[in-house]
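Architecture at a glance
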Amino acid sequence: MSVLYPFRALRPAAAVASRVASVPYDVVNAAEARELAAGNPLSFLHVTRSEIDLPHDLDPYDAQVYARAIENLAALTVSAPLVVDDEPSLYCYRLRMGEHEQVGMAGCFSVEEYDRGLVKKHEKTRKDKEDDRTRHITALRAQTGLVFLTYKASADVDAIVARVVTGTPEYDFAAPDDVVHTVWRVGGADRDALVQAFAGLEALYIADGHHRAAS
C-alpha cells in the first residue's frame, strides 16, 4: 500500500512562474547556474544554488551558503510573490517537447514508507551529498528538491489524470529550451480519488533523487 499526501504548496503567482522556474539544482555546476540565473533575480536557482550569489571561491558547503538560501527564499516569497494554497492539493504536471509529452503528479510521500522499503531504491548515496541536502532542508524549513518517483501502471490513476488535464491549468509556459510546462492544481473529489488510487499500489520506485530521499 502506498500513500500519496496532498500538501499546501508554496508556489509562484502565475504571472511570474516562467521566471521563477529553474532546472534542478544538481544538473548544473555553479558556473552554469550563475549563467542561467544572470539578470533574473526571481530564478529559483538563487535558493537551490545560493552559492551563485557569494564569492566564487567559497566552499559550496560553507554555512554562508545555507544562510544565503534562507535570505533568498524570504526575498523571493515577497518579490515574486510566492503564494500558499488555501487547502492541501495535488498537482498534475505535464512536460511537452515537440510531439512527445509526459504527465506526472506532485505530492508528498512519507519517510516511514521509505524506511520500511515501500519506496524502492536502486542506487547507493554519498554522505556528503546527503548532508548537504539535509542542511538545506533544515535551514530553510522547506523541501526545495523533488524526488522523482514512478509506479506500476494504474488505469484508475490514468483515468483521473486524463480528466484533470482537460481543465484550466494554473501554469502554462515554454522554457528557454522550448519544453512546455503545464501544471494543474487538483483538489476536491479528484484529489481524494487520486489518494485512493495510490493506496492500491504496492510500492513506489525512485527514478531520480536518491540523495534527496535519503536526506
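Definitions and limits used
Residues numbered from 1 in each chain as written. Predicted model: local features only at pLDDT ≥ 70, side-chain atom pairs only at ≥ 80, totals over all residues. Heavy atoms only, no water. Pairing = 2+ DSSP bridges. Helix = DSSP H or I, 4+ residues; strand = E, 2+ residues; numbered from the N terminus. Axes fitted to C-alpha atoms, helices over the stretch in contact; angles between N-to-C directions. Parallel < 35°, antiparallel > 145°, perpendicular 65-115°, else oblique. Left-handed = near helix turned anticlockwise from the far one by under 90°. Contact = heavy atoms within 4.5 Å. Nonpolar A, V, L, I, M, F, W, Y, C, P; charged D, E, K, R; others polar. Salt bridge = Lys/Arg side-chain N within 4 Å of Asp/Glu carboxyl O. Buried < 20%, exposed > 50% of the residue type's maximum accessible area, 1.4 Å probe, protein only. 1 Å grid on protein atoms, 1.4 Å probe; cavity = no way out; pocket = protein on both sides within 12 Å on 5 of 7 lines; lining within 4 Å. Points joined across faces, edges and corners; volume = space filled by probe spheres on them. Polar contact = N/O pair within 3.5 Å; in protein donor to acceptor, adjacent residues only side chain to side chain. Core = buried A, V, L, I, M, F, W, Y, C linked by side-chain atoms within 4.5 Å.

Attention shifts here to the pairing of strand 3 (residues 90-97). By the bridge criterion, 7 bridges tie strand 3 to strand 8 (residues 180-186) in an arrangement that is antiparallel. Its bridge partner being in strand 8, L95 is matched across the sheet by H181. In this antiparallel pair of consecutive strands, strand 3 and strand 4 (residues 100-106), the connection spans 2 residues, and G98 shows a positive phi of 65°.

This brings us to the packing of helix 4 (residues 63-79) against helix 6 (residues 127-140). Two numbers describe how helix 4 lies on helix 6: the axes approach to 9 Å, and their chain directions differ by 40°. Between helix 4 and helix 6, the interaxial angle falls into the category oblique. The element helix 4 and its partner helix 6 pack so that their crossing is right-handed. Contacts between helix 4 and helix 6 involve A63, Y66, A69, I70 and L73 from the former and D132, R135, H136, A139 and L140 from the latter. Along the lines of polarity and charge, the residues of the contact of helix 4 with helix 6 split into 7 nonpolar, 1 polar and 2 charged.

With that out of the way, let us pick up the pattern of salt bridges. Taken as a whole, this structure holds 15 salt bridges when the rule is applied. For D192, the salt bridge identified is with R191, shortest N-O distance 3.0 Å. For D208, the salt bridge identified is with R212, shortest N-O distance 3.3 Å. The class of R212 is buried, set by a relative accessible area of 9%. Three or more residues are tied together by salt bridges with common partners; here these are R11, D85, D86, E170 and R185.

The subject of this paragraph is the sheet that holds strand 9 (residues 204-208). The mixed open sheet is built from 3 strands, whose spatial order is 5-9-6. Each edge of the sheet is formed by a strand with only one pairing partner; in this case those strands are strand 5 (119-120) and strand 6 (148-150). Examined bridge by bridge, strand 5 and strand 9 share 2 bridges and lie parallel to one another. The residue of strand 9 that forms the bridge with K120 is Y205.

Quick look at the layout of surface pockets now. One water molecule sets the probe size; rolling that probe over the atoms shows where empty space is left. One number sums up the size of the second largest pocket: a volume of about 480 Å³. Lining the second largest pocket are 26 residues; nearest its centre among them are Y25, D26, R49, K129 and D132. Every element with two or more residues in the lining of the second largest pocket is listed here: helix 2 (30-37), helix 4, helix 6 and helix 9 (210-214). It is helix 6 that contributes the most residues to the lining of the second largest pocket, 4 residues altogether. Grouping the constituent residues of the lining of the second largest pocket by class yields 9 nonpolar, 7 polar and 10 charged.

Time to look at the side chain of R212. Examined against the element boundaries, R212 turns out to sit in helix 9. Of the polar contacts made by the side chain of R212, one reaches the side chain of D26; its length is 3.0 Å. Every residue in contact with R212, bar those within four places of it in the chain, is listed here: Y25, D26, R133, G145, L146 and V147.

Our next topic: the nonpolar core. Among the nonpolar cores identified, the biggest contains 14 residues, and C92, V157, V164, V186, L194 and F198 are the most heavily contacted of them. Among the secondary structure elements, those contributing two or more residues to this core are strand 3, helix 7 (155-164), strand 8 and helix 8 (188-199). In terms of residues, this core owes the most to one element, helix 7, which gives 4 residues. In contact with V186, other than residues within four places in its own chain, are S89, L90, Y91, C92, V164, R191 and L194.

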